[in-house]
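Examining the three-dimensional arrangement
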Amino acid sequence: MKPRQTITSIALFTLALAGALSGCQKKPKKTEPSASGTATAKVAGAKASGPCEEYATKLCAKAGEQTSLCGATKMATGVMAPAACSAAIKEFSLTENMLKDQRKACDALVTKLCTETGNDSEVCAMIKSKIPQVPSEQCGGALEHYDDVKKQLTAAVMANKPLPADVQAKIAATDAPSFGPADAKVTIVEFSDFECPYCSRAAAVTEQIRAKYKDRVRFVFRQFPLPMHSNAKKAAEAALAANAQGKFWEFHDLMFKNQKQLEESALEGYAKQAGLNVAGFKDALSTSKFSAQVDADTKLGQEVGVQGTPTMFINGKRIDNPSDFGSISTTLDGLLKTAG
């Protein structure tokens, strides 16, 4: 394996395990749809039923719901004859044995990591929970470069540990737009990019948090415009200009609702809609009055390991999916209950 291929293999494996492929990333991987992918899409709407649904369910339970094999099987069984699926169910032990053989490398990797780091370690827990998502061939590559993989997985676990109290206080400081009382038992800090589509989903979650929890939590919004988004930096400056006039959240909502139109002339239109002093707003943008504050937020994000957007911390602990209100609500309810 060439050095470059080795690095890519390790990176893909550890990213899959750490769940870091969601959201807007600093260096997005560009992919073009293949002819086979287009053909697959044509049958993607077919849904299996009867014995075919049963076969797909059995296979996915063994292979892992998140694997490409499971996805391909669900699509294939949508167009298979019921008799063929019934025959496959009768001979399912053969399929099960083949799956076990394919996953030997993954099982060996789990055993080795958990033996070395401890069965109760966070590294062991991570790999056990995430390994079904990883293709078996990547497990083989990971075993070949075990020391590097172990190091990166350990780093991923460390990145997900709660931030030290002084760092939590730093990212939650009062220099950023926020809502909720300063003495709230739970503080949420989000690093976001107004041009990132995933961040617009997180913005909807922010509104749900405000509606449900009102003054029981504090929510802090930090700027983290990514270099690949040409309008994101100026949009972040515009948001802070609106914040200086007490209209941050109104402006925040307008920009996320109009993500594809964030050029400067459009920002001025949103300023009018939000009821801002437009002359003062335009002056702040033309002089880059808030550029340094945006840069400071970005640097702060880098210091706490932010690689993409949205990234959200709850009481200093990074959460997996900032766009899932259900899981966030469960976390908040637990913390508030504990805090009394």
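So, here is what we can say about the structure in this document. (Residues numbered from 1 in each chain as written. Predicted model: local features only at pLDDT ≥ 70, side-chain atom pairs only at ≥ 80, totals over all residues. Heavy atoms only, no water.)

Here we take up the packing of aromatic side chains. Any aromatic ring pair is given by two values, namely how distant the centres are and how the planes are angled relative to each other. Using the criterion set out here, one finds 12 aromatic pairs in the structure. On the numbers, 5.2 Å between centres and 65° between planes, the contact of Phe179 with Trp249 is edge-to-face. Placement of the pair is Phe179 in strand 2 (residues 178-179) and Trp249 in helix 14 (residues 248-257), with a sequence separation of 70 residues. An identical accessibility class is assigned to Phe179 and Trp249; each is buried. One aromatic cluster is present, formed by Phe179, Phe194, Phe219, Phe221, Phe248, Trp249 and Phe256 through successive ring pairs. Note that Lys112 overlies the ring of Tyr146, its terminal NZ or CZ placed 4.2 Å from the centroid. Geometry around Trp249 places Arg210 over its ring, the cationic atom sitting 5.3 Å from the centre. (Phe/Tyr/Trp six-rings, centres within 6.5 Å; stacked < 30°, edge-to-face > 60°. Helix = DSSP H or I, 4+ residues; strand = E, 2+ residues; numbered from the N terminus. Buried < 20%, exposed > 50% of the residue type's maximum accessible area, 1.4 Å probe, protein only. Lys NZ or Arg CZ within 6 Å of the ring centre and 35° of its normal.)

If you walk through the whole model with that rule in mind, you get 5 disulfides. Here Cys106 is linked by a disulfide to Cys139, with a sulfur-sulfur distance of 2.0 Å. Torsion about the S-S bond of the Cys106 and Cys139 cystine: about 90°, corresponding to right-handed handedness. Here the residue Cys106 occupies a position in helix 7 (residues 104-117), and Cys139 occupies one in helix 9 (residues 136-144), the gap between them amounting to 33 residues. Look at Cys106 and you get buried, because its relative accessible area is 1%. The class for Cys139 is buried, based on a relative accessible area of 0%. With its disulfide-bonded cysteines labelled consecutively along the sequence, the protein chain is connected as 1-10, 2-5, 3-4, 6-9, 7-8. Distance from the sulfur of Cys199, which forms no disulfide, to the nearest cysteine sulfur (Cys196) is 3.5 Å. (Disulfide = S-S within 2.5 Å.)

Moving on, we get to empty space enclosed by the protein. Rolled over the atoms, a probe with the dimensions of a water molecule shows which regions are left empty. By the definition in use, this model includes 1 cavity of 30 Å³ or more. Quantified by volume, the largest cavity comes out at close to 40 Å³. Along the walls of the largest cavity sit Phe179, Ala203, Thr206, Glu207, Arg210, Trp249, His252 and Asp253, which together make up its complete lining. Counting only elements with at least two residues in the lining of the largest cavity, the list comes to helix 12 (197-213) and helix 14. In terms of residue count, helix 12 provides more of the lining of the largest cavity than any other element does, 4 residues in total. When the residues that make up the lining of the largest cavity are grouped by side-chain class, the tally is 3 nonpolar, 2 polar and 3 charged. (1 Å grid on protein atoms, 1.4 Å probe; cavity = no way out; pocket = protein on both sides within 12 Å on 5 of 7 lines; lining within 4 Å. Points joined across faces, edges and corners; volume = space filled by probe spheres on them. Nonpolar A, V, L, I, M, F, W, Y, C, P; charged D, E, K, R; others polar.)

What follows deals with the sheet that holds strand 6 (residues 311-314). What the 5 strands build is an open sheet, ordered 2-4-3-6-7; its pairing is mixed. At either margin of the open sheet sits one strand with a lone partner, and together these are strand 2 and strand 7 (317-318). Pairing geometry for strand 3 (residues 186-192) and strand 4 (residues 217-223), over 7 bridges, is parallel. If you follow Ser192 over to strand 4, its bridge partner there is Gln223. (Pairing = 2+ DSSP bridges.)

Within the secondary structure, Ser329 is located in helix 18 (residues 325-339). Residues within four places of Ser329 in sequence aside, it is in contact with Lys212 and Tyr213. (Contact = heavy atoms within 4.5 Å.)

Moving on to unusual backbone geometry. For the peptide bond that leads from Thr309 to Pro310, omega is -5°, which places it in the cis range. Turning to its location among the elements, Pro310 is positioned in the loop between strand 5 (308-309) and strand 6. The backbone of Lys214 sits at a positive phi, close to 45°, despite the residue not being glycine. Considering the arrangement of structural elements, one finds Lys214 in the loop between helix 12 and strand 4. For Lys214, a relative accessible area of 56% puts it in the exposed group. Residues other than glycine seldom take positive phi values, yet Ser288 does so here, at roughly 50°. Topologically, Ser288 is positioned in the loop between helix 16 (278-286) and helix 17 (291-303). The class for Ser288 is partly exposed, based on a relative accessible area of 31%.

That is the geometry; function is a separate question.
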